[in-house]
Amino acid sequence: MGYNCVCRNSHMDHVGALPYFTEVCGYNGPIYMSYPTKALSPLMLEDYRRVMVDRRGEEELFTTTHIANCMKKVIAIDLKQTIQVDEDLQIRAYYAGHVLGAVMVYAKVGDAAIVYTGDYNMTTDRHLGAAKIDRLQLDLLISESTYATTIRGSKYPREREFLQAVHKCVAGGGKALIPSFALGRAQELCMLLDDYWERMNIKVPIYFSSGLTIQANMYYKMLISWTSQNVKEKHNTHNPFDFKNVKDFDRSLIHAPGPCVLFATPGMLCAGFSLEVFKHWAPSPLNLVALPGYSVAGTVGHKLMAGKPTTVDLYNGTKVDVRCKIHQVAFSPHTDAKGIMDLTKFLSPKNVVLVHGEKPSMMTLKEKITSELDIPCFVPANGETVSVASTTFVKAKASDMFLKSCSSPNFKFSNSSQLRVTDQRTADGVLVIEKSKKAKIVHQDEVSEVLHEKNHVVCLAYCCPVKAKGESDNDVDLIKQLSTKISEIMSGAQIHEAENSLQVGSFKGAVCLKEKCMHRTEIISCSEAVFLCCNWSVADLELGWEIINVMKLNL
Amino acid sequence: MKLTCLSKGDGFYYPPCHMLNLCGFRILIDCPLDLSAITIFSPVPYDVGFEASEYLSDVPLDAHNPIQKKQKLERQLTPADLVCAEPWYKTVKALHLWEASLIDIVLISNPMGLLGLPFLTQNPGFCAKIYMTEATAKIGQLMMQDLVSMHNEFRCFHGPGYSCFPGWIKDLDSEEVPASLKKVVFGESGDDLGSWMRLYSLDDIESCMKKVQAVKFAEEVCYNGTLIIKALSSGLDIGACNWLINGPNGSLSYMSSSICVSHHAKSFDFHGLKGTDVLIYSDLSCLQSAEVTENGCVSPDLDNNYLSTIRSDKKDDDLAASLLNTEDSLEEMEKLAFVCSCAAESADAGGSTLITITRIGIVLQLLELMSNSLESLSLKVPVFVISSVAEELLAYTNTIPEWLCEQRQEKLISGEPSFGHLKFIKDKKIHLFPAIHSPNLITSWQEPCIVFAPHWSLRLGPSVQLLQRWRGDPKSLLVLEGGLSSGLGLLPFRPIAMKILQCSFLSGIRLQKLPTLFSVLQQKIVLIPDAVNQRINLAEMKTSSILNYSENKTLRVPRIADNPSVEITTDLASKFSWKKLRHRENFGIARLKGELLMEDGKHRLVTGLEQEESSGKARPLRHWGSVAPESLLDALLKMGIKGSIEHSTRDNDTKDNSVIHIANPNRGLVETSEIGTAIIAEDENVASQIFQAIDGILDGI
Ligand SMILES: [Zn+2]
Ligand SMILES: [Zn+2]
Ligand SMILES: [Zn+2]
């Protein structure tokens with residue numbers, strides 16, 4: 001298998017190093033992305049590149065040209081589109097929620113199948129649907145587990161809290177800053193606000209900090225088929241990403257009087273424009289900073305969430321007084337423990353591997369998966385390799401005769417202790433393997449031919465005395481009589497009667513008129529008894545003896 | 001596999017219809033309507049006195065004079081001959097011969113192939129699975145809704161139609177009706193009557209669409225565990241597709257009309273169709289293209305030329321590249337540009353343009369080009385799109401980048417809308433109205449203008465009223481679907497002073513490209529319509545064998561794939577009891593266990609329930625080889641059974657028989673020959689022991 005790379009969503013943790021990988025390291029294999037990811041990642045990468053250069057003054061890992069060249073190598077894929085990457089590898093993307101364009105990846109190598117979830121979300125949120133996948137036969141499920149132990153309740157109360165906090169701030173003449181990455185949360189929160197503004201008839205302006213997020217909204221509009229059902233349905237009349245109250249922000253507006261709401265990039269207040277605005281707005285107690293989601297340790301966002309600091313150190317050593325209100329918006333489009341359990345249960349893979357989370361909570365979840373779902377679960381450390389057994393098949397060409405015999409049921413009734421019905425279809429088949437040739441499956445009647453041998457039929461025979469010689473011997477009556485006896489003792493036996501013979505399965509018996517018969521072992525002569533000359537195949541060995549014993553009783 | 005062509009179809013708007021029998025499943029491919037047939041209806045209540053004198057011949061009619069009678073039949077059609085009634089719709093005749101409840105699968109290749117489906121799904125016994133692409137489902141549904149809305153509007157003029165058997169058909173059976181009209185109604189063979197249906201309702205459309213499973217391009221869907229079905233883009237229009245079906249008995253591809261390089265829809269994905277066992281080629285559009293009808297058969301020189309390039313072992317890539325040459329698509333762009341320039345010219349001269357083409361891809365490109373060229377010429381001419389579904393359709397086309405050609409996908413990456421009409425609608429240069437009587441239309445109406453209006457048949461929709469308004473204006477321009485003017489199409493509007501531009505847009509692969517195409521696709525068997533085969537010599541194609549099929553005949557295709565594979569899980573295979581054979585060391589054989597299933601289009605043997613039961617008393621049931629009496633005697637002796645050999649050749653028996661008499665512990669006999677051995681014993685146990693001895697000598701399973 002060559003190198004193949006599938007990028008699931010345009011969060012920086014997933015595509016951040018891609019241009020470095022392709023343009024600087026010289027990776028040349030195929031790269032697959034969902035349509036939205038392909039469309040949005042250049043914006044994100046450019047944003048990321050600028051933040052890195054701004055914040056650390058670092059030498060850039062890659063340039064704008066690198067980004068453009070890298071994106072040319074990306075093959076865009078649609079949901080459920082099945083792609084044969086090479087002879088052995090097949091991949092398919094499934095909807096993952098999380099952010100626009102996020103997908104779970106199904107990969108099949110030979111007979112082995114895995115799903116890598118990436119970040120996903122098992123509940124519908126305001127703009128994105130819940131993850132959606134087929135019931136697949138999997139050897140391995142690799143699941144993201146960022147919120148492995150959290151069980152999140154309904155998010156509507158939290159939405160209301162957020163709206164009220166922002167409303168209160170602007171009603172008091174304050175400015176609300178929402179530091180956010182361009183994709184996902186910004187659109188979700190903005191949709192909430194835009195809708196609330198309409199309902200409450202609020203005229204306070206909502207701004208987006210750079211063209212970036214406005215442009216992202218445009219992508220949302222074009223890619224509406226990747227959003228939730230709810231959004232799609234509304235689309236016929238009004239595209240919900242056509243925000244009515246949203247305007248572009250201008251740097252000069254930072255010090256403009258009056259209330260406003262501002263979405264500014266980047267999130268977590270780690271650098272760039274959002275941090276600059278924070279510096280100016282934080283000292284006023286009228287203002288609000290609403291922080292959506294998770295902040296990495298070391299960022300200003302993280303410091304604000306960790307405690308209630310009165311001053312914060314910015315990265316370049318300057319201190320800022322924090323008198324504004326801080327609101328943490330808790331919902332985040334990552335799945336929680338219940339979501340992971342639901343997905344695992346739905347897919348019932350042979351093995352589970354948890355990645356992308358904190359070790360202790362992952363261990364708790366591992367315990368839960370092992371005990372509740374009885375599926376082996378692994379939490380590998382970085383660099384550790386987990387090996388699991390995968391499905392493999394032996395492939396054999398089947399003969400027409402075998403397949404034909406399999407197409408009609410061949411039930412066998414056995415009443416050893418209780419009546420059992422078993423379908424014997426496949427037992428007529430024989431797997432033949434010849435050295436250095438492909439395996440074959442043939443019907444048992446074809447085996448000798450395949451082996452270039454002659455059939456040799458082994459059967460049993462016995463000329464059985466069934467009745468003492470009497471005055472009026474009638475063959476028809478005799479056969480009737482025997483048949484009744486047989487069916488009395490062996491219920492369910494299918495008996496075919498003829499004038500002077502009967503047949504059950506391969507067992508055949510016919511009235512024997514010979515003076516001396518080869519198949520007679522008794523010394524009783526033909527004048528003393530009537531004989532039935534019987535023979536039957538090895539397959540019906542027991543059946544034959546049972547019938548013989550029944551008939552002997554007639555004597 | 002069996003293929004029955006139910007209808008060859010007729011051009012873009014009437015795709016062919018096929019019934020396929022595969023692995024015991026009945027598959028219907030496409031369910032179109034022959035909408036050109038509605039031209040037999042009169043578009044509006046016809047006023048009998050209206051200019052009628054122009055058409056009547058001066059010869060007085062006399063039914064008793066045979067010569068005059070003949071003349072009467074061949075007289076020119078007049079608008080009065082058209083049927084004044086609520087239109088009925090012509091479906092595929094042969095489809096009515098099939099029991100709807102016995103169809104297992106319906107595949108719809110493009111929106112045109114969907115228009116007749118509600119007639120089929122109305123049937124209470126209908127239970128087939130319906131597959132089509134998401135885009136086909138959406139666009140097709142909108143087109144059906146538009147058809148119903150235009151039809152309902154029509155009904156307002158006529159009042160409710162006849163309920164069951166329409167009176168208009170009875171009227172048409174009379175001798176005075178012109179033959180050309182009768183041919184449309186009753187068909188070539190005169191039995192088309194049953195194919196006329198009353199139009200379905202919006203509810204019928206809805207319940208039909210509820211039964212649809214919409215798929216993406218290259219999404220694999222599995223029917224009944226047996227068939228894996230995949231839609232691959234055909235390039236004909238947005239969402240249009242070809243089908244790939246994989247089953248246990250091999251693979252098949254169905255190729256509908258395809259376009260190699262498209263400027264709107266995702267292009268023809270021929271890589272996906274490569275190498276299947278069978279290709280059904282259903283595209284007849286190659287016979288309609290102008291160069292063929294002019295020159296008759298494709299010249300043999302050209303033909304050989306193409307074949308020789310193939311024979312010279314050109315690499316696959318080169319062949320594929322020649323399929324993708326942009327000549328055709330450039331020609332298409334020129335046609336579009338020509339339409340735009342004609343419209344602009346008319347507008348400049350003060351005339352309006354009516355465009356009745358409804359092919360979505362063509363309309364989208366024309367809107368874009370037209371608006372751009374009007375802007376660059378700084379002509380202030382409004383563009384109107386009048387259709388009950390215009391707004392939804394145009395909004396939809398800007399939200400489906402996945403279904404479009406590469407250049408339009410690139411636009412997504414650079415953040416531009418897929419189609420240019422969005423900007424012009426915003427700038428109020430393109431106006432959308434649901435109907436001609438929409439309240440706002442009057443206020444923004446301004447002539448000259450350019451109007452896109454259905455229906456292309458010129459019998460329904462806003463195109464009818466606009467044509468009546470402008471037909472006397474020599475400055476105005478009518479842009480028509482090709483071929484329409486030669487039939488009944490324009491009859492009710494004559495005389496026409498308007499300029500008429502007829503456009504035939506490419507709607508399939510050109511005939512000359514077929515040898516190349518088939519070489520690239522590399523099928524073992526190619527099925528093509530007889531009409532196509534008559535036009536091009538494919539006999540020299542060595543790679544595949546070519547079979548012809550004709551309308552309403554069933555063609556059987558033998559299975560050509562190897563025997564199907566069975567996949568056995570390694571788990572199960574390891575539990576088989578393997579037999580080593582005495583005389584065949586290279587072989588290993590084992591009796592099968594488990595349960596045979598059909599999964600993902602493959603036979604699979606998996607662990608079943610009856611495992612222990614059968615493994616307990618495994619006994620070989622088939623034997624081969626021969627039994628030497630001496631070795632059997634030795635084997636029996638080891639078991640404590642004594643016997644003696646008697647060689648006997650019976651009277652008429654040429655075969656050598658040996659008999660072993662057994663005396664101890666019980667009387668018995670073994671009779672053995674080349675072909676078999678019989679064990680004769682009274683005692684069950686002795687018989688079993690003898691069997692064991694024989695089994696030890698022979699190989700068996
Ligand atoms: Zn993420
Ligand atoms: Zn994540
Ligand atoms: Zn006998």
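Thresholds applied
Residues numbered from 1 in each chain as written. Chains lettered and ligands numbered in written order. Predicted model: local features only at pLDDT ≥ 70, side-chain atom pairs only at ≥ 80, totals over all residues. Heavy atoms only, no water. Helix = DSSP H or I, 4+ residues; strand = E, 2+ residues; numbered from the N terminus. Buried < 20%, exposed > 50% of the residue type's maximum accessible area, 1.4 Å probe, protein only. Contact = heavy atoms within 4.5 Å. Areas by Shrake-Rupley, 256 points an atom, 1.4 Å probe, with all protein chains shown as cover. Buried area = accessible area lost by both parts, 1.4 Å probe. Salt bridge = Lys/Arg side-chain N within 4 Å of Asp/Glu carboxyl O. Polar contact = N/O pair within 3.5 Å; in protein donor to acceptor, adjacent residues only side chain to side chain. Patch = residues over 30% accessible without salt bridge, like charges linked within 9 Å, V, L, I, M, F, W, Y side chains within 5 Å. Pairing = 2+ DSSP bridges. Axes fitted to C-alpha atoms, helices over the stretch in contact; angles between N-to-C directions. Parallel < 35°, antiparallel > 145°, perpendicular 65-115°, else oblique. Nonpolar A, V, L, I, M, F, W, Y, C, P; charged D, E, K, R; others polar. Domains from an automatic or database assignment. Phe/Tyr/Trp six-rings, centres within 6.5 Å; stacked < 30°, edge-to-face > 60°.

## Thoughts on the overall build of chain B
Helix and strand content of chain B: 22 helices and 33 strands. Of all 701 residues assigned to chain B, the portion counted as buried reaches 55%. Sequence-distant contacts, at least 24 apart, represent 69% of the contacts inside chain B between residues at least 6 apart. When the accessible area of chain B is evaluated, it comes to approximately 29,700 Å², of which 51% is carbon and sulfur surface.

## What to know about the interface of chain B and chain A
At the junction of the two partners, chain B supplies 92 residues and chain A supplies 78 residues. Counting each side, the surface lost to burial between chain B and chain A is near 7,300 Å², with a carbon and sulfur contribution of 55%. Linking chain B with chain A are seven salt bridges, by the criterion used here. Across the pair Arg559(B) and Asp400(A) runs a salt bridge, and its minimum N-O distance is 3.2 Å. One can count 33 residue pairs in polar contact (both at pLDDT 80 or more) joining chain B with chain A.

## A look at a nonpolar patch on the surface
All names here are of chain A. A cluster of nonpolar side chains, contributed by Tyr20, Val24 and Leu61, occupies part of the molecular surface with about 240 Å² of accessible area. Tracing the backbone through its elements, the reader meets Val24 in helix H2 (residues 18-24). Taking relative accessible area as the criterion, Val24 reaches 41% and is therefore assigned partly exposed.

## Focus on the side chain of Thr397(B)
All names here are of chain B. Tracing the sequence through the fold places Thr397 in helix H12 (residues 390-397). A residue is classified by how much of its surface remains accessible, and Thr397, at 0% relative accessible area, is buried. In this structure the side chain of Thr397 is engaged in a polar contact, spanning 2.8 Å, whose partner is the backbone oxygen of Leu394. Beyond its immediate stretch of four places on either side in the chain, Thr397 contacts Ile238, Ile360, Leu364, Leu404, Ser418, Phe419 and His421.

## Some words on the side chain of Ser438(B)
Assignment of secondary structure puts Ser438(B) in the loop between strand E16 (430-433) and helix H15 (439-444). Side-chain polar atoms of Ser438(B) contact the backbone oxygen of Ala435(B), separated by 2.6 Å.

## Some points on the sheet that holds strand E10 (residues 206-208) of chain A
Residue and element names in this part refer to chain A. The strand order E11-E10-E12-E9-E13-E16 describes an open sheet built from six strands, whose pairing is parallel. Every interior strand has two partners, whereas the edge strands, strand E11 (246-248) and strand E16 (325-329), have only one. Pairs of neighbouring strands in the sheet enclose a mean axial angle of 25°, with direction left out of account. Taken strand by strand, helix H6 (residues 185-200) contacts strand E9 (175-179), E10, E11, strand E12 (260-264), strand E13 (288-292) and E16, and its axis lies near 165° from that of E12.

## Description of the packing of helix H11 (residues 360-376) of chain B against H12(B)
Packed helices, taken two at a time, are described by their axes: the angle between them and the distance between them. Residues and elements named next belong to chain B. In contact at an axis separation of 12 Å, H11 and H12 are set at 80° when each is read in the N-to-C sense. One way to sum up the angle between H11 and H12 is to call them roughly perpendicular. Every residue of H12 that contacts H11 at Ile360, Leu364 and Leu367 is listed here: Leu393, Leu394 and Thr397. Looking at the contact of H11 with H12, its residues break down into five nonpolar, one polar and no charged.

## Quick look at the sheet that holds E16(B)
Residues and elements named next belong to chain B. Spatially, E16-E15-E17-E14-E18-E19 is the arrangement adopted by the six strands of the open sheet, whose pairing is parallel. The open sheet terminates on both sides in strands that have one partner only, identified here as E16 and strand E19 (499-503). Averaged over all adjacent pairs, the angle separating strand axes in this sheet is 20°, with direction ignored. In terms of strand pairing, strand E14 (residues 353-355) meets strand E18 (residues 477-481) through three bridges, oriented parallel. The partner of Leu354 across the bridge, within E18, is Leu478. Along the sheet, helix H16 (residues 462-470) contacts E14, strand E15 (383-386), strand E17 (450-452) and E18; its crossing angle with E14, the most-contacted strand, is approximately 155°.

## So, the domain arrangement of chain A
According to the domain assignment, chain A consists of domain 1 (5-150 + 336-378), domain 2 (155-329), domain 3 (397-451) and domain 4 (459-554). With centres defined by C-alpha atoms, the gap from domain 2 of chain A to domain 4 of chain A works out at 96 Å.

## Some remarks on the environment of Leu553(A)
Residue and element names in this part refer to chain A. Along the chain, the position of Leu553 falls in helix H16 (residues 541-554). For Leu553, a relative accessible area of 64% corresponds to the exposed category. The sequence separation of Leu553 and Gly97 amounts to 456 residues, and the corresponding C-alpha distance is 77 Å.

## Examining the packing of aromatic side chains
For any pair of aromatic rings, geometry is given as the distance between the ring centres together with the angle between the planes. All names here are of chain B. By the definition in use, this model includes 18 aromatic pairs over all chains. An angle of 25° between the planes, with centres 4.3 Å apart, marks the rings of Tyr13 and Trp456 as stacked. On the criterion of sequence distance, the pair formed by Tyr13 in the loop between strand E1 (2-7) and strand E2 (17-22) and Trp456 in the loop between E17 and H16 is long-range, its members being 443 residues apart. Take Trp456: its relative accessible area is 7%, and that puts it in the buried class. For the pair Phe217 and Trp403, a centre-to-centre distance of 4.6 Å together with 55° between the ring planes defines the contact as tilted.

## A closer look at the pairing of strand E30 (residues 657-664) of chain B
Residue and element names in this part refer to chain B. The pairing of E30 with strand E31 (residues 668-672) spans five bridges and is antiparallel. If you follow Val659 over to E31, its bridge partner there is Glu671. From the end of E30 to the start of E31, which pair antiparallel, there are three residues.

## Quick word on the domain arrangement of chain B
Residues and elements named next belong to chain B. Taken domain by domain, chain B consists of domain 1 (2-46 + 84-163 + 198-310 + 509-545), domain 2 (326-503), domain 3 (566-618) and domain 4 (623-700). Each side of the interface is counted separately: domain 3 has five residues, and domain 4 has seven residues. Summed over the three residues of domain 3 that lose the most area to domain 4, namely Lys579, Leu581 and Arg582, the buried surface amounts to 77% of that side. Inspection of the domain 3/domain 4 interface yields one residue pair in polar contact (both at pLDDT 80 or more). Considering only residue class, the side of domain 3 that touches domain 4 consists of two nonpolar, one polar and two charged.

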